[in-house]
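Here's the letter readout for the chains.
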Amino acid sequence: MKKKAGFPVLYPNAAGIDIASREHYVAVNPDAAEQSIRSFGSFTDDLHEIAAWLLQCKVDTVAMEATGIYWVSLYLILEEAGFEVVLVNAKHVKNVSGKKSDVKDAEWIRQLHSCGLLSKGFQPDHFTRTLRAYMRHRKNLTEMAATHIRMMQKALEQMNIKLQNVIADITGKSGQAIIKAIIDGEHDPQNLVKLLDGRIKATKESICKSLHGIWKTENLFELKQSFDLYHTYQEMIKECDLHIKGHIEEKASYCESDQIQSLYPVKKKYKTNKNNLNFDATDMLQKIVGTDLTEIFGITDTNATEIISEIGLDMSKWPTAKHFTAWLNLAPNNKVSGGKLLSSRVPRKRNKAGQIFKMAAFAVQRSKNWLAIFYNRIKMRSGTSRAVTATARKIAIIFYKLMKEKVRFCPLDRDQYLESFKVRQLKKLKQQATRLGLVLVPDNLVT
């Protein structure tokens, strides 16, 4: 009987690991060990035992699924032991034949990897991994602080204190001063109004009316605890920012002046968002990257730091800007079958760096630049969601170019962009008229 031809084995010394919270199943080449699939625990000693057994089996490359966060410790230990570790999307290895089991999954991963059928997922270097941990933790702290802002608003509303109706931000100087005075026992609106900052636009009479409330002990207690927790999280964020600053400064100190092609004076930028970093990272980022990323429309030093913490500093992982925007989930996912385009919908999965570019795109819509014109044009035609995605893709392409080529951002002139768009539209109309057997005639030639 003729033997069926299979895929050529490119990596005979490959191993596959099925990751779980309690135990990991490891599969190696059946020729390398008598028992080619073994089960190990998830404790640190067990992870080192996995590395030792793989070395004993002369394995040189390992593939594993990205399952939750359970893979992180094993990935680092195997990487430190000298293995080439390939982290793959679980969606790419799910089609195992027969009944599903951990043993079969491990062997299936090994078989796919040995034939070179698994693509390696993006993994950052040590600097990026550390910065990512700090920035993601900072984001969690910011979200927790926002939760307690909502709880303060709820406690005030339950007492019919309408402070948020007359003051734009209760976490500002005036709002916090009034809330602290309420917690300390001052409930007279006339005295509370005296704590207002002179820049508040609302009249003192309307603010005084908003401070007439129904004082309840349980709501005052809730307000006090939410107030204290909010300020506790603010102190934690400041402490986290100190670690972020120290980590970036350490990296910037290794960047010599001859590695930076064109440093230019850093502009003074004013903080407009309370969730921004508590220090100016522009100068340090400029030393690390070799260009000023904050000159890009919608990009601040804070979200530039967030993006770098997600993508790293090495842009060679993406050969072109199209590869980069596709990885960010900002490019259409064209599905073609039978020569027909079935769908071009952007994938629903969220890429953290892609989400930051979307926030930057949303921020430029009220600006006076060519990107704002582009955003509003797409919004009128296809809606807000597609306009945000399309504009985020534009910003990501600019970001990629600056990071890779170390050049300065040179924005298009607004009038020049409008004129170029007009030329493209005229060309398109002429082509349509030609197909229909018509001729476009300017208004000034019509008699």
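Owing to the predicted nature of the structure, the values given are computational and were not obtained by experimental measurement. (Residues numbered from 1 in each chain as written. Predicted model: local features only at pLDDT ≥ 70, side-chain atom pairs only at ≥ 80, totals over all residues. Heavy atoms only, no water.)

Peer 1: Give a detailed account of helix α11 (residues 301-311), specifying residues and quantitative values.
Peer 2: Here α11 lies mainly inside the structure; 10 of its 11 residues are buried. Among all positions of α11, only Asp 301, Thr 302, Asn 303, Ala 304, Thr 305, Ile 307, Ile 308, Ser 309, Glu 310 and Ile 311 are buried. Buried-residue contacts for α11 involve α4 (126-158), α9 (217-253), α10 (282-289), α12 (321-327), α13 (352-363) and α15 (384-405). At the exit of α11 stands Gly 312, carrying a positive phi of roughly 85°. (Buried < 20%, exposed > 50% of the residue type's maximum accessible area, 1.4 Å probe, protein only. Helix = DSSP H or I, 4+ residues; strand = E, 2+ residues; numbered from the N terminus. Contact = heavy atoms within 4.5 Å.)

Peer 1: Outline unusual backbone geometry, supporting the account with residue identities and numerical values.
Peer 2: Positive phi is not limited to glycine here, since Asn 160 has a value of about 60°. Within the element layout of this structure, Asn 160 appears in the loop between α4 and α5 (163-166). Overall, the relative accessible area of 36% leaves Asn 160 in the partly exposed class. For Asn 329, which is not glycine, the phi dihedral falls at a positive 60°. Note that Asn 329 resides in the loop between α12 and β6 (335-337).

Peer 1: Account for the nonpolar core, with residues named and values stated.
Peer 2: Judged by nonpolar contacts, the single largest core of 81 residues is most densely connected at Leu 163, Phe 324 and Phe 357. Not counting residues up to four positions away in its chain, the partners in contact with Phe 324 are Ile 311, Met 315, Trp 318, Phe 357, Ala 396 and Tyr 400. In terms of nonpolar packing, the next biggest core, distinct from the first, is built from 24 residues, Ile 17, Phe 40, Cys 57 and Val 59 among them. (Core = buried A, V, L, I, M, F, W, Y, C linked by side-chain atoms within 4.5 Å.)

Peer 1: Could you give me a rundown of the packing of α11 against α13, with the residues and numbers involved?
Peer 2: Direction vectors running N to C along α11 and α13 enclose 160°, while the axes themselves pass 9 Å from each other. Considering the angle they form, α11 stands roughly antiparallel to α13. Two packed elements cross with a definite hand, and for α11 against α13 that hand is left-handed. Here α11 contributes Asn 303, Glu 306, Ile 307, Glu 310 and Ile 311 to the contact with α13, which in turn contributes Lys 352, Ala 353, Ile 356 and Phe 357. Class assignment for the residues of the contact of α11 with α13 results in 5 nonpolar, 1 polar and 3 charged. (Axes fitted to C-alpha atoms, helices over the stretch in contact; angles between N-to-C directions. Parallel < 35°, antiparallel > 145°, perpendicular 65-115°, else oblique. Left-handed = near helix turned anticlockwise from the far one by under 90°. Nonpolar A, V, L, I, M, F, W, Y, C, P; charged D, E, K, R; others polar.)

Peer 1: Quick one: what's the story with α15, residue by residue and with numbers?
Peer 2: If you check α15, its first and last C-alpha atoms are 32 Å apart, about what 22 residues at 1.5 Å a residue would give, namely 32 Å. Those residues of α15 not exposed but buried are Ala 387, Val 388, Thr 389, Thr 391, Ala 392, Ile 395, Ala 396, Ile 398, Phe 399, Tyr 400, Leu 402 and Met 403. Lining the buried residues of α15 we find α10, α11, α12, α13 and α14 (370-382). After α15 finishes, the residue Lys 406 shows a positive phi value of roughly 55°. (Expected span 1.5 Å × (residues − 1).)

Peer 1: How would you sum up the packing of aromatic side chains? Please name residues and give values.
Peer 2: Per the stated rule, a full pass over the model turns up 11 aromatic pairs. Between Trp 318 and Trp 327, the ring centres sit 5.0 Å apart and the planes meet at 55°, which makes this aromatic pair tilted. Ring centres of Phe 324 and Phe 357 lie 6.4 Å apart, and the angle between their planes is 90°; this geometry places the pair in the edge-to-face category. With Phe 324 in helix α12 and Phe 357 in helix α13, this residue pair connects regions lying 33 residues apart in the sequence. With respect to burial, Phe 324 and Phe 357 carry one shared label: buried. (Phe/Tyr/Trp six-rings, centres within 6.5 Å; stacked < 30°, edge-to-face > 60°.)

Peer 1: Please provide a residue-by-residue account of the sheet that holds strand β1 (residues 14-18), values included.
Peer 2: Across the sheet, which stays open at both edges, the 5 strands sit in the order β3-β2-β1-β4-β5 with mixed pairing between neighbours. Each end of this open sheet is capped by a strand with a single partner; those strands are β3 (37-41) and β5 (84-88). In this sheet, neighbouring strand axes are inclined to one another by 25° on average, regardless of whether the strands run parallel or antiparallel. As paired strands, strand β2 (residues 23-27) and β3 are joined by 5 bridges and run antiparallel to one another. Counted as the bridge partner of Glu 23 is Gly 41 from β3. Those strands touched by helix α2 (residues 71-80) are β1, β2, β4 (61-65) and β5, and its axis lies near 175° from that of β4. In the packing of helix α3 (residues 102-114) onto the sheet, contacts are made with β1, β2, β3, β4 and β5, and the angle to β1 comes to roughly 145°. (Pairing = 2+ DSSP bridges.)

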